[in-house]
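Here are the chains, one letter per residue:
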Amino acid sequence: MDTRMFRKQLAQVALFFGILAGGGYIAATPFITAGQLAEAIEQEDYKAMKKMIDFPAVRERFKKSSSKILFNKNSHEITNPFARLGNSIANLAIGPIVDQVITPESLIYILAPLIAIGANEDEIRVEMNYTGINTFEVLIWKSNEADDPIKFIMVRRGLTEWVVNNIDLSISELVSR
């Protein structure tokens, strides 16, 4: 009877540690994905980047944020008909430009210098944290600058897969290129 009880307790302990290890791995997956994305950028691996970044979603969010920057308002808040016409024309122009500019190649051009600087950890700051159970953000900026960081927003797909669906590039980072 003692060996049955011992086996039962051993199975319970093994199950507990198995669940703990599995939960730890699930919690670590966005950190792992962020590391893989940095490696893909550094190695200019476009195929890997396309797997880790939802480019249609990133482009759509970039179009919306560009429109807000240009007009300082959401399009439904504009009441002047001429301003609405200007907003429509600008949106028509912004769309194709963003589609051509937000590509793996352009992101590598913008981000590769930051990744290279990251080799010297005193020159770059990176913060990673959960913002919700299914969202995670990575903030990157140069340590000696007070500019807004480049922000990667990742969302969970499934249990362990994370995909970047929004990239908030600081304006100063774009202008300096």
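Residues numbered from 1 in each chain as written. Predicted model: local features only at pLDDT ≥ 70, side-chain atom pairs only at ≥ 80, totals over all residues. Heavy atoms only, no water.

A. Local environment of the pattern of salt bridges. Taken as a whole, this structure holds three salt bridges when the rule is applied. The salt bridge partner of Asp 54 is Arg 157, with a shortest N-O separation of 2.9 Å. Linking Asp 54 in the loop between helix H2 (46-52) and helix H3 (55-71) with Arg 157 in strand S3 (residues 150-157), this pair joins segments that are 103 residues apart in sequence. In this structure Arg 157 comes out as partly exposed when scored by relative accessible area, which is 39%. (Salt bridge = Lys/Arg side-chain N within 4 Å of Asp/Glu carboxyl O. Helix = DSSP H or I, 4+ residues; strand = E, 2+ residues; numbered from the N terminus. Buried < 20%, exposed > 50% of the residue type's maximum accessible area, 1.4 Å probe, protein only.)

B. Layout of the environment of Leu 37. Position of Leu 37 among the secondary structure elements: in helix H1 (residues 2-42). On the basis of relative accessible area, Leu 37 is assigned to the buried category, the value being 6%. Taking the C-alpha atoms as reference points, Leu 37 and Val 164, 127 residues apart in sequence, are found 9.4 Å from one another.

C. Looking closely at the nonpolar core. Counting residues in hydrophobic clusters, the biggest one holds 30 residues, and the most contacted among them are Leu 37, Met 49, Ile 53, Leu 111, Phe 152 and Ile 167. Contributions of two or more residues to this core are made by H1, H2, H3, helix H4 (81-101), helix H5 (104-117), strand S2 (135-142), S3 and strand S4 (161-168). Broken down by element, the residue count for this core peaks at five residues, all from H5. Those residues in contact with Ile 53, other than ones at most four positions away along the chain, are Leu 37, Val 58, Leu 107, Val 163, Val 164 and Ile 167. (Core = buried A, V, L, I, M, F, W, Y, C linked by side-chain atoms within 4.5 Å. Contact = heavy atoms within 4.5 Å.)

D. View of H4. Over its 21 residues, H4 runs 30 Å from end to end, which matches the ideal 30 Å to within 8%, given 1.5 Å per residue. For H4, the complete set of buried residues consists of Asn 87, Ala 90, Ile 94, Gly 95 and Val 98. (Expected span 1.5 Å × (residues − 1).)

E. Region of interest: H1. For H1, which comprises 41 residues, the first-to-last C-alpha distance of 58 Å matches the rise-based estimate of 60 Å (1.5 Å per residue) to within 8%. At Ala 28, H1 is deflected by roughly 40°, the largest bend along its length, and proline Pro 30 occurs up to four residues later in sequence. Every buried residue of H1 is listed here: Thr 29, Pro 30, Thr 33, Ala 34, Leu 37, Ala 40 and Ile 41. (Bend = angle between axes of the 7 residues up to and from the residue.)

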